[in-house]
Amino acid sequence: MDSKKPSPNNEPVLRDHVYDGIQEYDQKLPNWWLFTLYIAIAYFVIHWLCYYQLGLGSSDTLAMDKVMAEMQQARDKQMESITDEQLWALSRNPAAVEAGKATYMTPGMCVTCHAPDLSATLAGAKLPGLPLNDQEWKHGGKPIEIFKIVRKGSPDLSKGMAAWELVLGMKRVSEVVAFVLSHHKEGEPITRAVDTPPAAAPAAAK
Amino acid sequence: MTSTAASKVPIEFNDKVVRQFMLASIIFGVVAMLAGVFIASQLNYHQLNLAEWLTFGRLRPLHTNAAIFAFVGNMMFAGIYYSTQRLCKCRMGNDTLSNIHFWGWQLIIVAAAITLPMGLSRGKEYAELIWPINIAVAVIWVVFAVNFFLTLHKRNEPSLYVALWFYIATIVTVAMLYIVNHLSIPTSWTHSYGIFGGVQDGLVQWWYGHNAVAFFLTTPILGIMYYFLPKAAERPVYSYRLSIVHFWSLVFLYIWAGPHHLLNTALPKWLQMLGMFFSLMLWAPSWGGMLNGLLTLRGAWDKLRTDPVIKFFIAGVTFYGMCTFEGPLLSIRAVNSLSHYSDWTIGHVHSGALGWNGFMAAGMFYWLAPRLWNTKLYSVPMANFHFWIGTLGILLYVVAMWISGIMQGLMLNQVTADGLAVQNTFLDTLQAIRPLMGLRVIGGGMFLLGWLVMCVNLWKTIRSGTPVNEVREVAVLQHGKTDTMGMKETFFNDPLACTFGAMLLILGWIFLPPGADIASLICACVFGYMAVRRFQKTSHTWANWYDRLLQNYLPFTVLTFVAVVIGGLIQIIPTVTVNSAKNVEDRVQKLYEPLELAGRDIYVSEGCYNCHSQMIRTLVPDVMRYGEYSRLGESIYDHPFQWGSKRTGPDLAREGGQRPNSWHYEHLMDPRSMSPQSNMPPYAHLNTKAFDQKTLPRKIAVLRQLGVPYPPMDATEIKMKALEQGVKIATDLKISNIVVRPDSEMVAVIAYLQKLGQFEQPAVEEALTHKGQGVPFPLSPVIPDSARRNGSQ
């Protein structure tokens, strides 16, 4: 740009203006530097062209919707494959019960609201959860019903238990249920709580 | 080129104000770093949340504001006042203005230091200060600007040196950013609602936030580098034309990059794409600054061994290079999906703030102190110790944050074997990074230690000398040749015609409907080729024009403003006009009931957003952990938006209705009772205070003014509604044997938390969903997302 001082032997041009003792060379822009700029610009143009003008690639939201739908399908399939018998069997498997106990006792998980002894009371104080060591079940006491509550949470989440499906996953949920079931016997009487929501009532009555 | 020197007159520089700013910066540097070390410790030791006003949420804004505005701000002013007087060969414009600037700025800092711990906050990062202080900042900034431009006006040096270009860009751009992002309507003397809400607020906030980094922490410091580095190295600057190219590309591109803080969020994709690509394009211009700094040292590298000033400058510039390489990297959407909301970003900003700003400041102070007090530096070994402990400190800090950010990111993304559930709870990942958060305290502590050593060193230096104001014989410039450029000469010339022509065509490519966009792109390529050919043929006239421009400070300032305003206009105007509640076709959030609004304001003032985001990104791990991805409309009425920028705790976008009120109560009283090993501060004080009923009607009135569709309600109605809801929650808590006052802040916050994530689905009107018309005429601009071929956005 500035060629006031032609440089015969490739010496850098020193501009003649001096600012408070500061002088400036007028070196050429480094090529590698220019190329990083050009490449970034080219990348912008090509990527934009591909996405907007050629319509390549999927949008974020569509891609997400698809993945989540697939996962939900897989979850539903897993759900269908579980039966009461399997869960009772699992509750007699010491390894599974032990793993379930570990999850249950993890600070911040089940133990926080249901207490270490499943009584939902700690040192006489009532905890937010319901007792799991008696025979009264608000949302149904069949293994599959307990399983469902752990996965999905109570019908009205703000009034009861949170959903643990995404936090724990299928395997750990069944282990926790096995741990709870290990405090019970197959065939013991199940009573409904007075405040059982109507949606759960028919299932429990069955 | 040089004007005729008529007479030489002695001029005394105003070095007193430089000394004042320098000392203020040193002192506030200590404050900012102390606050940093303290809040970093709180992350591991929740017990350090000693009192309501010492909680992390309130002190983190204090730390960031102190570091940016008090520490770097004062440092910048010291550097600008010192160098501008010398580069203009005249005293600062007006001594009274200099004084008002200095004392006004310190008063603002004191006001900030009082109000932030009190919980008075606007709830937007680096823009937390309440509106009366905002006005003070704007006024003082204008005082600074007037003082600066007065100096340029009466300068005795015809041409503007590159350092001044950067100062001009700083002054003009910060004013623009600050004012737009702080536009708000007061509801009381200490509270206001910003005029933008939801996605608009997000975009404006990060346009501001990112460019606070660019034009408050970068351009002024680059200007300072351009003055002090060649002075200290006693070598010519590496390349004048690199200065030109990197200055103009930097100020033009930087403004566009803001949306990279909102990648993978509900921000429209075209803005995310612009944010990402402009960040990538910004890499080279940023490195231009680094090159001009580092390569200036060619032939003087031996000074690196002996001169602590050079050591600090070179390390500072190197950190700048590292930071501006990391920045574009983090702006890539795929990288960002891991790094964002994590400690990686924290490490990134600190390599900038400590490495670049901190070291440039230290180098400048070591250079200035002997000159301003006419003495010698007290101890070079102490300065060397400062350098090494500081460098080690930053490296420890940054590396710890890299590991922490990547590890926590990976752990949060881990899924169970069947791929259907997340593997780790948020608390698991928190425990994993605790040792790294400890290392960070040590690294930051080392940097602080170095800084304190500098304080002692400079104190001893100052004590050994006496303050002097430099007096110089200066040839008075005969005005006549400079500052004569008119509109025509400024705007109608080859360089501008080529630049604007190309830019318009590129914009046509981005915003024109299908068909016309491609045509515009082809035209842009042809036009660009022709422009380059023309430049090659007539580069002399281009260079001469630029030399002329440098002798005309007002046209230069106007062109700088044009360069920085374009990016913001193009991103913000479409967002404000299109992405408003009435255009949302997807979900729209439910209005906050009065009590919930009161709770929200408490959430904002406690600074919960410092640790909790409210934005579930379009990423599988986010959706698996927190629920469906957030829609643009789900926060459209939020003034301010609370999408957050860091997850020290989990996302709260869909927290509402997930847990009983009693859980929230226990958790707020003592977070560890519900979430063992959590590092959240306790909020028991919410239980003892009543929420602010008095200003609620005014608040709702202001929100109505801002377009939030509240039905008309009178004051008693609003208060009654709030109390009714409070009673409901208190009654519900009573079942769990918890007694709370129905008018307590606790109840309000619980009401707010339970509301998060509630939305309505408006009826979609078919007529509104217009697809591409097929015919590209008439050429009205369209949002790229809606014109995309092959499927919706």
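These numbers were taken from a predicted model, which means no experiment stands behind them.

Scanning chain A from terminus to terminus reveals eight helices and four strands. Walking chain A from its N terminus toward its C terminus, one meets helices and strands in the order α-α-α-α-α-β-β-β-α-α-β-α. Taken across its 206 residues, chain A has 28% of its residues classed as buried. Intrachain contacts of chain A at a sequence separation of at least 6 include 51% that bridge at least 24 residues.

Turning next to the overall build of chain B. A count of helical and extended segments in chain B gives 28 helices and six strands. Relative to its length of 793 residues, chain B is compact, with a C-alpha radius of gyration of 27 Å against a globular reference of 28 Å. Principal axes of the C-alpha set define a box for chain B whose edges measure 90 × 70 × 55 Å. Taking all contacts inside chain B whose residues are at least 6 apart in sequence as the whole, residues at least 24 apart take part in 83%.

Moving on, we come to the packing of helix α3 (residues 84–91) of chain A against helix α7 (residues 165–181) of chain A. Residue and element names in this part refer to chain A. The contact between α3 and α7 brings their axes to 8 Å, and the two run at 70°. Accordingly, the angle class assigned to the pair α3 and α7 is roughly perpendicular. Across from Leu 87, Trp 88, Leu 90 and Ser 91 in α3, the residues of α7 making contact are Ser 174, Val 177, Ala 178 and Leu 181.

All names here are of chain B. Here chain B shows a mean pLDDT of 93. Residues at 70 or above account for 97%. This model gives residues 1–5 a pLDDT under 50, and the stretch forms eight contacts once residues within four places in sequence are excluded. Confidence metrics for the complex model read pTM 0.91 and ipTM 0.90.

Position of B:His612 relative to the elements: it lies in the loop between α21 (594–605) and α22 (620–626). With 271 residues separating them in the primary sequence, B:His612 and B:Tyr341 have C-alpha atoms 9.2 Å apart.

Okay, the interface of chain B and chain A next. Contacts between the two partners involve 64 residues from chain B and, on the opposite side, 56 residues from chain A. Contributing elements (two or more residues each) for the side of chain B that touches chain A: α2 (56–87), α7 (219–233), α8 (240–254), α9 (269–294), α18 (516–537), α19 (539–550), α22 and α23 (661–669) of chain B. Ranked by the residues each element gives to the side of chain B that touches chain A, the list is headed by α9(B), at ten residues.

Further remarks concern the environment of B:Glu628. Residue and element names in this part refer to chain B. In this structure, Glu 628 sits in the loop between α22 and α23. Taking the C-beta count within 10 Å as the criterion, Glu 628 has 16 such neighbours and is therefore assigned partly exposed. In this structure Glu 628 touches Ile 616 and Val 623, once residues within four positions along its chain are discounted.

A word on the confidence of the model for chain A. All names here are of chain A. Looking at chain A as a whole, the pLDDT averages 83, with 88% of positions reaching at least 70. Segment residues 1–7: pLDDT under 50, and 14 contacts once partners within four positions in sequence are set aside and those in other chains are kept. Confidence drops under pLDDT 50 across residues 200–206; counting only partners more than four residues distant or on other chains, this segment forms ten contacts.

You'll often see interface size given as the accessible area lost when the parts meet. Partitioning chain B into structural domains gives domain 1 (330–477), domain 2 (487–582) and domain 3 (588–760). Taking only C-alpha atoms, the centre of domain 1 of chain B and the centre of domain 2 of chain B are 37 Å apart.

This part covers the nonpolar core. For soluble globular proteins, nonpolar side chains are generally found buried alongside one another. The biggest cluster of nonpolar side chains holds 262 residues, and the ones touching the most others in it are A:Val177, B:Phe365 and B:Val749. At 17 residues, α2(B) tops the list of elements feeding residues into this core. Beyond its immediate stretch of four places on either side in the chain, B:Val749 contacts B:Gly599, B:Ile602, B:Tyr603, B:Leu668 and B:Leu686. In this structure, B:Leu505, B:Leu512, B:Ala524 and B:Ala787 belong to the second largest nonpolar core, which totals nine residues.

In this model helix α15 (residues 426–463) of chain B runs 53 Å from its N-terminal to its C-terminal C-alpha over 38 residues, within 8% of the 56 Å that 1.5 Å per residue would give. Helix geometry: α15(B) is bent most strongly at B:Ile433, by close to 40°, with proline B:Pro435 lying one to four residues after it.

Attention now goes to unusual backbone geometry. A negative phi angle characterises most non-glycine residues, just as the trans form characterises most peptide bonds. Residues and elements named next belong to chain B. With omega at -5°, the peptide bond leading from His 639 into Pro 640 counts as cis. With respect to the helices, strands and loops of the structure, Pro 640 is situated in the loop between α22 and α23. The phi angle at Lys 89 is positive, at roughly 50°, despite the residue not being glycine. When you line up the elements, Lys 89 lands in the loop between α2 and α3 (95–115).

Our focus in this paragraph is α23(B). Within α23(B), eight of the nine residues are buried, which leaves it mostly tucked inside the rest of the structure. Buried residues along α23(B) sit in contact with α24 (671–674), α26 (715–735) and α27 (745–755) of chain B.

Residues and elements named next belong to chain A. Relative to each other, α3 and helix α6 (residues 143–152) sit at 85°, their axes nearing to 8 Å. Relative to α6, the element α3 is oriented roughly perpendicular. Across from Asp 84, Leu 87 and Trp 88 in α3, the residues of α6 making contact are Pro 143, Ile 144 and Phe 147.

All names here are of chain B. Inspection of the secondary structure puts Tyr 208 in helix α6 (residues 198–215). By the C-beta count within 10 Å, which is 24 here, Tyr 208 ends up buried. With 513 residues separating them along the chain, Tyr 208 and Lys 721 place their C-alpha atoms 37 Å apart.

Calculation rules
- Residues numbered from 1 in each chain as written.
- Chains lettered and ligands numbered in written order.
- Predicted model: local features only at pLDDT ≥ 70, side-chain atom pairs only at ≥ 80, totals over all residues.
- Helix = DSSP H or I, 4+ residues; strand = E, 2+ residues; numbered from the N terminus.
- Buried ≥ 20, exposed ≤ 12 C-beta atoms within 10 Å, placed from the backbone.
- Contact = placed C-beta atoms within 7 Å.
- Rg over C-alpha atoms; globule rule 2.2 N^0.38 Å.
- Axes fitted to C-alpha atoms, helices over the stretch in contact; angles between N-to-C directions.
- Parallel < 35°, antiparallel > 145°, perpendicular 65-115°, else oblique.
- pLDDT = per-residue confidence, 0-100.
- Domains from an automatic or database assignment.
- Core = buried A, V, L, I, M, F, W, Y, C linked by C-beta atoms within 7 Å.
- Expected span 1.5 Å × (residues − 1).
- Bend = angle between axes of the 7 residues up to and from the residue.

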